[in-house]
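Report on the structure
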2 protein chains.
Amino acid sequence: MTSLSGVWAASLTPVTPTLDPDPDRLLAHVTRLLADGCDGIVLFGTTGEATSFSVAERTDLLDRLIEAGADPARIIVGVGCAAAVDTVTLTRSAAAHEVAGVLMLPPFYYKAVSDDDLGAAYGWIFDQIGADAPAVLLYNIPQVSGVKLSASLAGRLAGAYPDVVKGLKDSSGDLESLRGFLAAMPGSAVFAGTELLLVPGLAEGAVGAISAAANINAGHIRTAFDSKAAADIDILREARAILSAEAVIPALKAVVAERLNDPGWATVRPPLRPLTPEIGAGLAEALPVA
Amino acid sequence: MTSLSGVWAASLTPVTPTLDPDPDRLLAHVTRLLADGCDGIVLFGTTGEATSFSVAERTDLLDRLIEAGADPARIIVGVGCAAAVDTVTLTRSAAAHEVAGVLMLPPFYYKAVSDDDLGAAYGWIFDQIGADAPAVLLYNIPQVSGVKLSASLAGRLAGAYPDVVKGLKDSSGDLESLRGFLAAMPGSAVFAGTELLLVPGLAEGAVGAISAAANINAGHIRTAFDSKAAADIDILREARAILSAEAVIPALKAVVAERLNDPGWATVRPPLRPLTPEIGAGLAEALPVA
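Predicted model, so just to flag it, every value in this text is computed and none were measured. (Residues numbered from 1 in each chain as written. Chains lettered and ligands numbered in written order. Predicted model: local features only at pLDDT ≥ 70, side-chain atom pairs only at ≥ 80, totals over all residues. Heavy atoms only, no water.)

1. With respect to the sheet that holds strand E7 (residues 189–192) of chain A
All names here are of chain A.
- Strand order around the closed barrel formed by eight strands is E1-E2-E3-E4-E5-E6-E7-E8, with parallel pairing between neighbours. On average, each strand axis in the sheet is tilted by 25° relative to the strand beside it, whichever way the strands run.
- For strand E2 (residues 40–43) and strand E3 (residues 75–78), the ladder comprises three bridges, and the chain directions are parallel. By the bridge assignment for E3, Val-42 is matched with Ile-76. (Pairing = 2+ DSSP bridges. Helix = DSSP H or I, 4+ residues; strand = E, 2+ residues; numbered from the N terminus. Axes fitted to C-alpha atoms, helices over the stretch in contact; angles between N-to-C directions.)

So this is what it looks like as structure tokens:
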């Protein structure tokens, strides 16, 4: 089994012209990402537009990806939904495929929730899943989800469910936040949620990064992971600055579309809107050579 | 057909001890609300814990409620999901029952979205639904959804889809915000999302209120709607202040449980947690007589 560490790409989810998930483009993309140096991929994270797909679309795409030959040991599946019952459904589906783990947002619609509320929600989900639980990574991305996981709650959950909670992805983008999680859940697999914190994170005990930019920049991120050299982050920072001129998910898809000369790759689901081929070409040209 | 105006309760969604939707308790509750003076009820708004249920649970509960005899002309169905495809599914289900309308949140996971993004998302949803679209009320509740609808976008959508967009519920709690929507979409059915703005809202052209507190306070809200007297808001303000000492949805369920002597009514879904019967009894005693 692939260990929960290293460089993981928060994979984009390609769609067809009718916006249906596209398993063929996805399998080819995942194969490229592994060849480019990723240890694995996260299917249906924020970058993968997870919450823009129905539960049935999500379980079906995972089924198809694995039927088509993808290695489940190199896949972490995003499963967190607004409705905890949907999170249970998706987690069971992922567990049945013996994936490396699942990445679990807290229920994210209600905002005025306490640590005790979120702790009880995670506990309810874990109880529903029972003994077949896969390795769970908690997922902190408060600037998108609107719901912050505290280090103290993460530590409590890791302590209370040691056979289930195996780590966390911190996408806050804040090194202090990452340090808090590392201190609160020693021995757990804590990933930086951005490649920009990969090297400083590794120095403090993080196990690696789950990165959106790895969709277009996996080789450079692999180099930084292997060298652990701060200098190797510079090129990653340059790439991020270029991507950040546009909405990041449409920008990543547009760059893939341009590089593969496959304009359909740029398609996104609502509420995101695709970039034009011209903007995609400009981004691809400006980016450091992959 | 019941017109889109007046006093509508944002109905609670009762659940069984295993957290399944409870159609029997719901039908009894809806019947009481109509008897207490509501013109209709919203099923699966924020107060109804809509986003804590799966799409299948939501369509099934609507089916059962109507099979059991509820009048679809007195029901507005909340349909907005993080995934626009789920919003389409729920809207079709509601349209098939010929309900009075649907209440539609924008896709609410991604936060860095522009008016153009949200406009395109609504447009995509309306195109999918096509000619069978029910009356759509847009739903602005930025403090919970994390996604604000601007008055300018609401006006654009009402103008571009006059056969579909028939109104809006503004749950911002801000009279200035309500005024903005009223000015931007003249002739549309704009509801105050709180009974506290019912009387000032009516004076400026709002058609009524869709209210959470109506679950326990429908008679007083009816009185205020009929009198249009500012003085009749005082008792509604007093009730709100008492409820606000606790999380509002668990508080409303706990009060219903206490009044009906039915402790199971207090059950909520994660990430909310139920109040104790003691707290529910205290709230019920403190509230103005219904």
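Picking up where we left off.
2. Re the relation of the copies chain A and chain B
- Mapping chain A onto chain B calls for a rotation angle of 180° and an axial translation of 0.0 Å; the resulting RMSD is 0.0 Å. Classification of the inter-copy transformation places it as that of a two-fold axis. When C-alpha positions in chain A are compared against the rotation axis, the closest is assigned to Gly-146 of chain A, at 3.4 Å.
- In this assembly, 100% of the residues forming the interface of chain A have copies in chain B that are likewise at the interface, indicating an isologous arrangement. (Least-squares fit on C-alpha atoms with pLDDT ≥ 70 in both. Contact = heavy atoms within 4.5 Å.)

3. Some thoughts on the interface of chain A and chain B
- With 39 residues of chain A in contact, the opposing surface of chain B contributes 39 residues.
- Summed over both sides, the interface of chain A with chain B buries roughly 3000 Å², with 64% coming from carbon and sulfur.
- Three residues stand out in chain A for area buried against chain B, namely Tyr-109, Tyr-110 and Pro-271 of chain A, and they jointly supply 27% of the buried area on that side.
- For the pair chain A and chain B, the number of links is two salt bridges.
- The residue Asp-117 of chain B makes a salt bridge to Arg-273 of chain A at a minimum N-O spacing of 2.7 Å.
- At the junction of chain A and chain B, the tally comes to twelve residue pairs in polar contact (both at pLDDT 80 or more).
- For the side of chain A that touches chain B, the elements supplying multiple residues, two or more each, are helix H3 (84–96), helix H4 (115–129) and helix H5 (142–145) of chain A.
- In terms of residues, the side of chain A that touches chain B owes the most to one element, H4 of chain A, which gives six residues. (Buried area = accessible area lost by both parts, 1.4 Å probe. Salt bridge = Lys/Arg side-chain N within 4 Å of Asp/Glu carboxyl O. Polar contact = N/O pair within 3.5 Å; in protein donor to acceptor, adjacent residues only side chain to side chain.)

4. Concerning the pairing of strand E4 (residues 101–104) of chain A
Residues and elements named next belong to chain A.
- What you see with E4 is no split at all: Gly-101 and Leu-103 on one side and Val-102 and Met-104 on the other are buried throughout.
- Taken together, the three bridges between E3 and E4 define a ladder with parallel strand orientation. Of the residues in E4, the one forming a bridge with Ile-76 is Gly-101.
- Handedness of the E3-H3-E4 crossover: right-handed.
- Looking at chain direction, E4 and strand E5 (residues 136–140) are connected through three bridges and run parallel. (Buried < 20%, exposed > 50% of the residue type's maximum accessible area, 1.4 Å probe, protein only. Right-handed = clockwise from strand over helix to strand, strands pointing away.)

5. With respect to unusual backbone geometry
Residue and element names in this part refer to chain A.
- The omega torsion across Pro-270 and Pro-271 is 15°, close enough to zero to call that bond cis.
- Mapping Pro-271 onto the fold places it in the loop between helix H11 (248–260) and helix H12 (277–286).
- Located in the positive-phi region is Leu-19, a residue other than glycine, with phi close to 70°.
- Position of Leu-19 relative to the elements: it lies in the loop between strand E1 (6–10) and helix H1 (23–35).
- Look at Lys-228: it is not a glycine, yet its phi comes out positive at around 55°.
- Along the chain, Lys-228 falls in the loop between helix H9 (214–227) and helix H10 (234–243).
- Take Lys-228: its relative accessible area is 46%, and that puts it in the partly exposed class.

6. What about H9 of chain A?
Residue and element names in this part refer to chain A.
- Taking 1.5 Å per residue, 14 residues should reach 20 Å; H9 reaches only 17 Å between its end C-alpha atoms and comes up short.
- The largest bend in H9 is about 45°, located at His-220.
- Of all the 14 residues making up H9, ten are buried; the element is thus mostly covered by neighbouring parts of the structure.
- Buried residues along H9 sit in contact with E1, H1, helix H8 (198–203), strand E8 (208–211), H10 and H11. (Expected span 1.5 Å × (residues − 1). Bend = angle between axes of the 7 residues up to and from the residue.)

7. So, the sheet that holds strand E8 (residues 208–211) of chain B
All names here are of chain B.
- Spatially, eight strands are ordered E1-E2-E3-E4-E5-E6-E7-E8 in a closed barrel, and the strand pairing comes out parallel. On average, each strand axis in the sheet is tilted by 25° relative to the strand beside it, whichever way the strands run.
- The strands touched by helix H2 (residues 55–67) are strand E2 (40–43) and strand E3 (75–78); relative to E3, the strand with the most contacts, the crossing angle is about 170°.
- Against the sheet, helix H9 (residues 214–227) touches strand E1 (6–10) and E8, its axis set at about 170° to E1.

8. Quick look at the pairing of E1 of chain B
All names here are of chain B.
- Of all five residues in E1, five are buried; the element is thus mostly enclosed.
- Where E1 meets E8, four bridges bridge the pair, whose relative direction is parallel. Bridging from a neighbouring strand, Trp-8 pairs with Ile-210 of E8.
- As paired strands, E1 and E2 are joined by three bridges and run parallel to one another. Counted as the bridge partner of Ala-10 is Val-42 from E2.
- Remark: the E1/helix H1 (residues 23–35)/E2 crossover connection has right-handed handedness.

9. Considering the nonpolar core
- Ile-75, Phe-126 and Leu-138 of chain A together with Ile-75, Phe-126 and Leu-138 of chain B are the most contacted members of the largest nonpolar core, which totals 223 residues.
- Those residues in contact with Phe-126 of chain B that lie beyond four places of it in its chain are Met-104, Val-136, Leu-157, Tyr-161, Val-164 and Val-165 of chain B. (Core = buried A, V, L, I, M, F, W, Y, C linked by side-chain atoms within 4.5 Å.)

10. A short note on the packing of aromatic side chains
- Under the criterion given, the structure shown has eleven aromatic pairs over all chains.
- Taking the centre distance of 6.2 Å and the plane angle of 55° together, the rings of Phe-108 of chain A and Phe-108 of chain B count as tilted. One end of the pair, Phe-108 of chain A, is in the loop between E4 and H4; the other, Phe-108 of chain B, is in the loop between strand E4 (101–104) and helix H4 (115–129), on a second chain.
- The buried category is assigned to Phe-108 of chain B, whose relative accessible area is 1%. (Phe/Tyr/Trp six-rings, centres within 6.5 Å; stacked < 30°, edge-to-face > 60°.)

11. Side note on the pattern of salt bridges
- With the rule as written, the count across this model stands at 26 salt bridges over all chains.
- Measuring nitrogen to oxygen at the nearest pair gives 2.9 Å for the salt bridge that ties Asp-22 of chain B to Arg-25 of chain B. Both residues of the pair, Asp-22 of chain B and Arg-25 of chain B, belong to the buried class.
- A single network of salt bridges, built from pairs that share partners, joins Asp-22, Arg-25 and Asp-262 of chain A.

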